[in-house]
Every structure is written in C-alpha cells, then in structure tokens.
Amino acid sequence: MSFSVLRSTHLIICLVAFLTLNACSETPPVASEEDEVQSINVFFSTENESGQDVGKAFQFNPESGRINELATFNAESNSIVVLDTDEDAPGYEFAAYVDGKMIKLLNYSKTANRRSYDLKEFIDDVCGVFAAKRPAFSVFDSNSDYYLKTIDDTAVYVALKNGANCSFATNRYQYIDFDLSRVNIVNQSFGVSSSEVFGAFLFDPNFRYNDDSGDSQTGRSIWVSHNAETEALSGRVWDGRTLFDFPFEYKSENKPVIAEETPPPYIISASSNRLVIFRNQKDYDNSQVLQTSYTTLHEISVSTLNSLLNSDDIVASENAIQAYLSLARSTFDNLKQSSEPNHAINGSYIAYEADDSLYRYSFSSGSNEKVYDKEIGLKDFDFAILDSGDLIISKEFSFLHSLHIYPIDTQTSPIVAINNARDINLVTNKSRILINALAPSNILSEIVTSQSWTTAEINASRLVRKIENAKLGFLNNPIGTGDILIFVSDSDGADEYLINPYVAKYDGSQVDGIFNFEELDEDDEDRVISTTDAILGQIKGDVSSVSNKIYGANFSLNNDFGGFQVNTRLGTEGYFFEPKQTKDEEENRIQTLSLVKAVTTGNPITLNFATVTEQKNKTSINL
C-alpha cells in the first residue's frame, strides 16, 4: 500500500534512504521483512547552513549518534539515484550520483572495504543520472513481494547536455554497467537513445510460451518507450523481440529558432497492465506564428495489446497497434506544456491539469470530462483521485484554503469537505483521505473549534475520525507499508504550533489516533488483557510542520533507521528513530527518539535548513 502525496506545507527537499547490500541471485529469491539489515544508514541534504545549494551524503550511526560525511554531489535535480538491485535484501544497495562531471557510486554494505567509486567522467555537462529498470527475477511469482514489479539493474543511465540547456527534448544518454567484483568495475559504457531510459512496463502474467530449451514458461514483460530523436514509439519483450515500432511524431514544423522545443511524449504506468501516453504538439503557420498548442492522451492495456497482436488474419498487427495508439482518447488545449504533465492516477482513472482546467478520464468506459475550471481569485490548486473516481481538490485563495470532493457521478454536486482553513495538506489512498487542516471551520458536517492543527480521516465522503491539536506526518514509508506517524498534543494550541507533541504510529480506528499493541489472553484470543501505545517519544518544543520523505524498499524498510524533520518556534530540528519500535511491543517499551542538533564541536552540516553536527549521546525519552 502506498500513499500519494497531494500537498505538503513548507516543502523541504531531503532524501533519506534505507539501504542494504547482498549479491544478486539468479534464482527467484524470497524476500523477508525479518531479513537482517546489512547496510549503513544514509541521508542526503541539498542545502548548507547558509541556505546555499550544496549536495552532501551523510552516514548516521544510531548506536553512537555520530554523523559522518560520505560524499558531495551536484545539488541540481536528478543528481542522485538510489538503487534497489537485490530482491533478497530489504532496502537499497547503492546510490549513483553526479559530482561535477563525474558519475560516482556509493556502496552501502556494512562490510564494504571501500565506500565510493568513480564510474566515468564526461566532457559535457551532466544533466542527471537515472536507474536502469528491469523486471524482477520473481516478477511472475505471485508469492513474491516483487510480483509484477521492477527492480534496479546494476547499471545507470546518464543524461548529457546536448544544446544550450538540459532538456528531455535534446539530451543525449549514456549507459554505464558496473560490477564491484571486477578490478575495473565498469563492465561497459555506450550511448543509448531516450527510448532505453524513459518508458513503462506492461506485465502479462498469463502469457505462455516455450523457451529456447522447449520448456513451457509463463509471463511476459513488455517495455514501451519513445525515441525523442527518431520520434518512434516502440514496444519490445524484455530481452526479446520487438512487437511494434512506428512513427509517433511530436516535433513542430515551421517552429521559430528561438521557440522552445516541444516536450517529447511522456509515458505513465497506470498499473501493471496499463499505461498512458501524453503527446504534446504545437502547430505553426508558414509565418512561424503559433496557431494551436495542445496535448493528446493515449492509453493501452495488456488485454488490448494481445488482441491487436493476434489480428494478423485481418490486418498486420503492427498496423493495428499503430492505428489504436495513434487515436487520441482525449485532446485538450495546453499552452503550458511540460515534460511531465501534472496528473494523479490509479488503475481505474487518471486526472490531469491543462491550462488551469482539470480533466478526468476513465479507463473502463473511455469517457473524458472536464471537471473543474480555475476560479477568479484562486492562487493555486492541487488534486488527487480516489479509486472510486471521486476527485479531491484543495484550493488556495489569498486568505483561506478550502477542500472539495467532486464525485464521479456528475449529477451530484461537489461536496465541501472544509469551507475555510488557514492551511490544508493531505494524502489519499484508495478511498481514504487523510487531512491536516490549520484552524478549519469544519470537517464535512462537524464543526471544529481548534485554532491549531486538526487531523481527520475521511473514507469517500464519510468522516471516520477527527482529532484536534494533532497533525499527521506525511512521510513516505516512515515505519512500514501504509503506516504514517501522528503528532498529537495534550494542550490546546492557539496558532500553527502543536505544544510539545507526542510522536506515535497512527491508527484511525483509535479515538486518539494512536496505534496500540494488544496483549491477548492465552486461553481466549478474543479477550484483550492490556494495551500499549506505540509511542516513539515526545518533542520538547512546539511544532508547526513535519517533513522529510523517507525512502524504503519496495517491500520492506531498514528497521534500524527512520527520520523526519520539524519546524519549531526556535528553528528546525531533525530527528531519527528506529522503525522497528512500532512493529514489536518489547522494542516499543523503550522509546528512542533521537534529536540531531547543533553542538559546539565539529563542523556543522545541514539536515535541510537545520545545522547539525555529531550527536555525542543518544537521547532516550521514556514516557
């Protein structure tokens, strides 16, 4: 279960990686959440204490509380990528990063004799480094945590500037394959097209075929991508034959030299068996005057693709696929074209923004509709979509925020979930809406009196839980799959600060929102003898915002390492905690929320705006 973040106040750019190392296996491994973590704990910062753009990687030792600098990298976007290359180990194994014009590799194994390696230095400016995705070995094993999922190869793609600026429309790309067991760890390096770097997989678990040995096999992975240089759309079986390859143009004729290049098509995975393509286009007249700027939406599923591939008795399959994918499911005006369209997607629907309007497309019916036009006075809006197709829109005006639910039934009027608040941020998952609102007037039909933060959970349009003087920490996998943290205060706040909040694992079924460990009667497992709150600790200060996206593995976390950052009245503070505290009652009996803060010794570093140095003693807070 994963949460899609809609909006987070005081956006802070920080990546915290949970990383582990094991050798890749040629047989489908079985992942276990109990696997021992074999990695050091690493986090990344992109600003120094003066607010300047400086990229640094640090190691945090949870036993000693010490922080060591590991590497420096370019602070630009796409300058670092973490790699999950081993299905049999929780977390990631490596990070590839850009340092100047050099591509380097960071090894996270606890037993590594060497931490950093130079992969390759380039003459041209480096625009980014990207993971080389492949189907997992156990991609078609329904008992695997990697069922119908990808994993990272021990390789990366490097984007190189090929013009005045870095641009997806003009960059060229280099492939680097590495192997730490070799003296020269670079196996091979060569140029590739954008179609190797950007695209999406379609997984067909029911496809049957005979391999080269004549043995029956099940499952097929299909890579669909677009070549920005040749303007061709293609699909090929992973490490196999090409299924289709045909023109899919996007470049404009008569474009003025000074005009920006049209962004190439963007391919989005809607699910393991469906993908969406956005194609930007601009039309100029003979005088090089822009006449139209629009985007078309295209989509295809595995079942449709298989039907088209089997159409040879009527028309050549490639021609049938070209005809199908060339047909736009939606065409809409779009002056503000971008490489990645602003969108929200699930397996049933996609919502997307174009020219201050919001659209919703249904995969099952093929229907497309405009749902919302930007209102006069609206400064900004963000959106998410539920599995039901209901659209959630957070609106920001000059003096207030509001939250609205636009039902899939267009005959039903929009629901005002919050009339006005000083701030709103939220995440959605399936039919759940988890909200943080600052001094909201209401949550649906419930009046709210708190002048501080109120958190609420809405299922579809029904209020499940409302907790005043509390705020959810929308961290990406902070403690486990689908788990989030709650910051809750015993005191009534009068502004955006929660007073000395406790930090706990969130459970919407509990009145106070705090998850409880239950001790059951050995003779009657339906009888609860006692409960223990899953509290990590308490912050001795007033908290206004929580941030840091914590990056774990596809299926598990590094149980030794978690972290978040809070803004307080005195500044910004970074905290680390042990996620396993929330999984086991015995571990939870000793809360160890560790504050990383400025001290008088050592060279200061930054955990996103917060100057920190080595922490000499681990702080243990017993509540």
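Quick notes on the rules
- Residues numbered from 1 in each chain as written.
- Predicted model: local features only at pLDDT ≥ 70, side-chain atom pairs only at ≥ 80, totals over all residues.
- Heavy atoms only, no water.
- Helix = DSSP H or I, 4+ residues; strand = E, 2+ residues; numbered from the N terminus.
- Buried < 20%, exposed > 50% of the residue type's maximum accessible area, 1.4 Å probe, protein only.
- Contact = heavy atoms within 4.5 Å.
- Core = buried A, V, L, I, M, F, W, Y, C linked by side-chain atoms within 4.5 Å.
- Pairing = 2+ DSSP bridges.
- Axes fitted to C-alpha atoms, helices over the stretch in contact; angles between N-to-C directions.
- Disulfide = S-S within 2.5 Å.
- Parallel < 35°, antiparallel > 145°, perpendicular 65-115°, else oblique.
- Phe/Tyr/Trp six-rings, centres within 6.5 Å; stacked < 30°, edge-to-face > 60°.
- Lys NZ or Arg CZ within 6 Å of the ring centre and 35° of its normal.
- pLDDT = per-residue confidence, 0-100.
- Salt bridge = Lys/Arg side-chain N within 4 Å of Asp/Glu carboxyl O.

Any details on the environment of Tyr92? Residues and values, ideally.
For Tyr92, the position within the fold is in the loop between β6 (80–83) and β7 (94–99). Separated by 16 residues in the primary sequence, Tyr92 and Tyr108 place their C-alpha atoms 8.1 Å from one another.

Can you lay out the environment of Leu309 for me, pointing to particular residues and giving the numbers?
Position of Leu309 among the secondary structure elements: in helix α2 (residues 302–309). Its relative accessible area of 14% is what places Leu309 among the buried residues. In this structure the C-alpha to C-alpha distance between Leu309 and Asn319, which are 10 residues apart in sequence, comes to 9.7 Å.

Tell me about the side chain of His404, and please be specific about residues and values.
Here His404 shows up in strand β28 (residues 401–406). Its relative accessible area of 13% is what places His404 among the buried residues. Not counting the four nearest positions on each side in its chain, His404 is found in contact with Leu391, Ile392, Ile393, Lys395, Ile415, Val416 and Ala417.

Got a sec to walk through the nonpolar core? Specific residues and values, please.
Grouped together as the largest cluster of nonpolar side chains are 21 residues, with contacts concentrated most on Leu233 and Phe244. Breaking this core down by element, the ones donating at least two residues are β14 (199–210), β15 (216–227), β16 (232–237), β17 (242–247), β19 (274–284), α2 and α3 (317–326). Per-element accounting of this core gives the leading share, 4 residues, to α2. Other than its neighbours up to four places away in sequence, Phe244 contacts Val224, Leu233, Ser234, Gly235, Leu305, Glu318, Ile321 and Leu325. Counting residues in hydrophobic clusters, the runner-up holds 20 residues, among them Leu83, Phe94, Ile103 and Val156.

Explain the sheet that holds β6 residue by residue, including any values.
If you walk across this open sheet you meet the 4 strands as β6-β7-β8-β9, and the pairing is antiparallel. Across the chains shown, the open sheet's two edge strands, defined by having one partner strand only, are β6 and β9 (116–121). Going from strand to strand, the sheet's axes swing by 20° on average, the running direction of each strand aside. Pairing geometry for β7 and strand β8 (residues 102–107), over 6 bridges, is antiparallel. By the bridge assignment for β8, Tyr97 is matched with Lys104.

Describe the state of the cysteines, with residues and values.
Taken as a whole and judged by the stated rule, the model has 1 disulfide. What pairs with Cys127 in a disulfide is Cys166, and their sulfur atoms sit 2.0 Å apart. On the S-S bond that ties Cys127 to Cys166, the torsion sits near -80°, and the link is left-handed. Residue Cys127 is located in strand β10 (residues 126–135), and its partner Cys166 is located in the loop between β11 (150–160) and β12 (172–178); the two are separated by 39 residues in the primary sequence. Residue class for Cys166 comes out partly exposed when judged on its relative accessible area of 43%.

Talk me through the pairing of β28; I want residue IDs and the actual numbers.
Most of β28 is tucked away, with 6 of its 6 residues classed as buried. Two successive antiparallel strands, strand β27 (residues 391–396) and β28, enclose a turn made up of 4 residues. Two strands pair when backbone bridges link them, and β28 and strand β29 (residues 415–421) are joined in this way by 4 bridges, in the antiparallel orientation. Along β29, the bridge assignment pairs His401 with Ala421.

With reference to specific residues and values, describe the packing of α2 against α3.
Direction vectors running N to C along α2 and α3 enclose 140°, while the axes themselves pass 8 Å from each other. Relative to α3, the element α2 lies oblique. Two secondary-structure elements touch here, α2 through Thr304, Leu305, Leu308 and Leu309 and α3 through Ser317, Ala320, Ile321 and Tyr324.

A description of the packing of aromatic side chains should follow, citing residues and the corresponding values.
This model, assessed by the stated rule, comprises 21 aromatic pairs. Here a set of aromatic residues connected by ring pairs shows up, and it is made of Phe140, Phe201, Phe203, Trp223 and Trp238. For the cation-ring pair, Arg134 lies above Phe137, with the distance from its terminal atom to the ring centre recorded as 4.3 Å.

Mind laying out the confidence of the model for the protein, listing which residues take part and the relevant values?
Of all residues in the protein, 82% attain a pLDDT of 70 or more, and the chain-wide mean is 82. Here residues 477–481 is modelled with pLDDT under 50, and outside its nearest four sequence neighbours on either side it reaches 24 contacts, counting other chains as well. A low-confidence stretch, residues 597–623 stays under pLDDT 50, and its non-local contacts, those more than four residues away or across chains, total 87 contacts.

So what's going on with the pattern of salt bridges? Residues and values would help.
For the coordinates displayed, the defined rule picks out 20 salt bridges. Linking Arg172 and Asp124 is a salt bridge whose minimum nitrogen-to-oxygen distance equals 2.5 Å. In this pair, Arg172 sits in strand β12 while Asp124 sits in the loop between β9 and β10, placing the two residues 48 residues apart along the sequence. Taking the relative accessible area as the measure of exposure, Asp124 reaches 28% and is therefore partly exposed. Here Asp153 makes a salt bridge to Arg134, at a shortest N to O gap of 3.8 Å. Remark: Arg134 occurs in strand β10 and Asp153 occurs in strand β11; sequence separation between them is 19 residues.

Describe the pairing of strand β45 (residues 571–577), and please don't skip the residues or the numbers.
Successive side chains on a regular strand alternate, one facing one side of the sheet and the next facing the other. Of all the 7 residues making up β45, 5 are buried; the element is thus mostly covered by neighbouring parts of the structure. Where strand β44 (residues 562–568) lies against β45, 7 bridges are found, and the strand directions are antiparallel. In the strand pairing of β45, Thr568 is matched with Gly571. Hairpin connection, β44 to β45: the antiparallel pair is bridged by 2 residues.

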